[in-house]
Amino acid sequence: MSFENLGLEPELLRAVAAKGYTTPTPIQAKAIPAVLSGRDVLAGAQTGTGKTAGFVLPLLQVLGSAQGKLPRVLVLTPTRELAAQIAESVADYGAHKNLRTRVIFGGVGERPQIDGLRAGCDILIATPGRLLDLCEQRYCNLSQVKHFVLDEADRMLDMGFIPAIKRVIRMLPVERQNLMFSATYADDIRALASSMLKNPVSVEVAARNTTAERVEQIAYRVVKEDKRHLLVHLFKNGASSEGAWTQALVFTRTKHGANRLAEQLEASGIRAAAIHGNKSQSARVKALADFKDGAITALVATEVASRGLDIKERPQVVNYELPNVPEDYVHRIGRTARAGSTGAAVSLVAPDEASLLRNIERTMNQRIPFVTVPEFEAIEIRTSAPQRSSGVSDGRQGQGGRSANSQGRGGRQGGGQGSGQGSRSSAAGAGNRGRSSSSSSRSSSTPSGTQSQGRVGQRRPATASR
Ligand code: AMP
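The next subject is the overall build of the protein. When its secondary structure is counted, the protein shows 18 helices and 13 strands. For the protein, the proportion of its 466 residues judged to be buried stands at 49%. Across the protein, the fraction of contacts at a sequence separation of at least 24, relative to all contacts at a separation of at least 6, is 75%.

Next comes the structure, spelled out in structure tokens:
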């Protein structure tokens, strides 16, 4: 299958070739002809499947060239990052077309957006809140919309946008083409789909959660207080001593937690920035740009901010805290396996998160293996250099160093049986699974099912500040 076979015009084929795409992804192979035929489409597409090109390419073709002042395509997205990313895709895929695109989202001044609308556009990409604001103030007129795209509908639902979407839909002409994309299909989404779509073509690519299958996933049992120390260790050594991580996207549950963790990572010598809904648009754009440029190593994000993040070639995702909603886990790790690539995801699971992990596993119908916690040190990050246990450095237990002890934190088990920094001892052979609090009914196995070779979990007595 090639893009030529999908009936796309030469201008678009040139743009696709310039992006380096040689083969349509499955969603593109199915959605592009369906959209070109003018039918409504209901697409079950995971994040990272190439769905954006699946609707942008055929719509660019159908629109022809610039016409009038009012938008003929409306794309609704849940977040400003996603809106900006879709606009970028439209600019890329439409490089040889004469079409005008405007983007509307909250958190920035209205004036440039109003001016843009006045100047006229063919394609409008918007988040629901700001769009409604501008429509109510009569700066925006949706009466000429012929093609309506609802992207990441399940996410819209989670974010409470469904009433706003319904209000937007009431402003659209009755005669229009509707395209709805959703990774999951809860009942509310099905209800919205049946009220919005007329005799749709259903486009389902592979089974749900296939992204999850492409991502190598592991979990560490670690008490909450130690998570940041383990994370610093992982940044510096990798998950299996493969070397320092180039970059990682780290998810926290709260905005405050994201800020705090970014500060703690910075204090540990890891360039980090936080990205979440309370950050100004310019701060979010800067953090993203810094991450893309490699100026920062860690991007600490909350759920919402992660939508639309494209971290191609940056395959490490960390769940610093597990999300409450299992689907969010799938979305998070989807950031690392874009358009068929593979990636790796590490989850730091505190004892009180065990049930969240079980829910995630049930949703994905897939196990996330716990692996042995590597040796790491709890370092007082606000003070100077860490002290290393010589038990770690010379491979013999207790040689002048202190083997880690419980320090009142759930009875951690020291070891010192690892053979030196950078080498490993078999956790099984050492009879030590890292933390005593880590041992459990789950086996310490690698994702491939082999016995973990992770070094035993020795830890310096904690002196960390909270
Ligand atoms: P999306 O799911 O639309 O967010 O796309 C995910 C990623 O896949 C983006 O980085 C796209 O640039 C990339 N992509 C989209 N279509 C293709 C394709 N046919 N071949 C290779 N990469 C693609």
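Still more to cover.
One finds Ala31, Ala43, Tyr93, Ile125 and Ala126 to be the most contacted residues of the largest nonpolar core, which totals 58 residues. Setting aside anything within four residues of it in sequence, one finds Ile125 in contact with Val75, Thr77, Ala83, Ile86, Ala87, Thr101 and Val103. Core analysis: the second largest hydrophobic core is formed by 54 residues, Leu265, Leu322, Val330 and Val371 among them.

Once that is clear, we can look at the packing of helix α15 (residues 326-334) against helix α16 (residues 354-364). Across the interface, α15 lies against α16 with an axial gap of 8 Å and an inter-helix angle of 75 degrees. The orientation of α15 relative to α16 falls into the category roughly perpendicular. Here Pro326, Glu327, Tyr329 and Val330 of α15 come into contact with α16, specifically with Asn359, Ile360, Thr363 and Met364.

Relative to the helices and strands, Ala219 is located in strand β8 (residues 215-221). Note: C-alpha distance between Ala219 and Phe370 (151 residues apart in sequence) is 4.5 Å. Sequence-distant contacts of Ala219, that is, excluding residues within four places in its chain, are made with Ser347, Val349, Leu357, Ile368, Pro369 and Phe370.

What follows concerns the sheet that holds strand β7 (residues 201-204). In space, the seven strands of this open sheet follow the order β3-β4-β2-β5-β6-β1-β7, with parallel pairing throughout. Each edge of the open sheet carries a strand with a single partner, namely β3 (101-104) and β7. With direction set aside, neighbouring strand axes in the sheet form an average angle of 15 degrees. Direction of pairing for β3 relative to strand β4 (residues 123-126): parallel, over a ladder of four bridges. When the sheet's bridge partners are listed, Arg102 is paired in β4 with Leu124. Running over the sheet, helix α6 (residues 128-136) touches β2 (73-76), β3 and β4 and is turned about 105 degrees from β3.

All right, on to the pairing of β2 then. Taking every second residue as pointing to the same face, both faces of β2 are buried, with Val73 and Val75 on one and Leu74 and Leu76 on the other. Judged from the four bridges that link them, β2 and strand β5 (residues 147-150) form a sheet pairing that is parallel. Pairing of Leu74 across the sheet is with Phe148, part of β5.

Taken as a whole, helix α9 (residues 187-196) has its buried residues at Ile189, Leu192 and Met196. Each buried residue of α9 sits inside an arc of 60 degrees when the element is viewed along its axis, so together they form one side. In α9, those exposed residues whose orientation departs by more than 90 degrees from the buried face are Asp187, Arg190, Ala191, Ser194 and Ser195. Of the surrounding elements, those touching the buried residues of α9 are α7 (153-158), α8 (162-170) and β6 (177-182).

Here we come to the environment of Arg284. Position of Arg284 relative to the elements: it lies in helix α13 (residues 281-293). On a C-alpha basis, the gap between Arg284 and Glu81 in space is 8.6 Å, while along the polypeptide they are 203 residues apart.

Attention now moves to unusual backbone geometry. We note that Glu152 has phi near 50 degrees; this positive angle belongs to a residue other than glycine. With respect to the secondary-structure elements, Glu152 resides in the loop between β5 and α7. For Glu152, a count of 25 C-beta atoms within 10 Å translates into the label buried. Residue Asn199 is not a glycine yet carries a positive backbone phi of 45 degrees.

Here helix α3 (residues 51-63) is 13 residues long and its end C-alpha atoms lie 19 Å apart, about the 18 Å a rise of 1.5 Å per residue gives. Counting buried residues along α3, 11 of its 13 residues qualify, which places the element largely inside the surrounding structure. Turning to α3, its buried residues number three or more, namely Lys51, Thr52, Ala53, Gly54, Phe55, Val56, Leu57, Pro58, Leu59, Leu60 and Gln61. The first or second residue beyond α3 is Gly64, which carries a positive phi of 75 degrees.

This part takes up the pairing of β6. Across the six residues of β6, five count as buried, placing the element largely inside the fold. Examined bridge by bridge, strand β1 (residues 41-44) and β6 share four bridges and lie parallel to one another. Residue pairing for β6: Ala43 is matched across the bridge by Phe181. Bridge count between β5 and β6: four bridges; the pairing is parallel. Each residue of the ladder has a partner; that of Leu150, found in β6, is Met180.

Another aspect to go through is the confidence of the model for the protein. With 74% of its residues at a pLDDT of at least 70, the protein reaches an overall mean of 78. Counting interchain partners and residues more than four positions distant, the pLDDT-below-50 stretch residues 383-466 has 178 contacts.

About the cut-offs
Residues numbered from 1 in each chain as written. Predicted model: local features only at pLDDT ≥ 70, side-chain atom pairs only at ≥ 80, totals over all residues. Helix = DSSP H or I, 4+ residues; strand = E, 2+ residues; numbered from the N terminus. Buried ≥ 20, exposed ≤ 12 C-beta atoms within 10 Å, placed from the backbone. Contact = placed C-beta atoms within 7 Å. Core = buried A, V, L, I, M, F, W, Y, C linked by C-beta atoms within 7 Å. Axes fitted to C-alpha atoms, helices over the stretch in contact; angles between N-to-C directions. Parallel < 35°, antiparallel > 145°, perpendicular 65-115°, else oblique. Pairing = 2+ DSSP bridges. Arc of directions from axis to C-beta. Expected span 1.5 Å × (residues − 1). pLDDT = per-residue confidence, 0-100.

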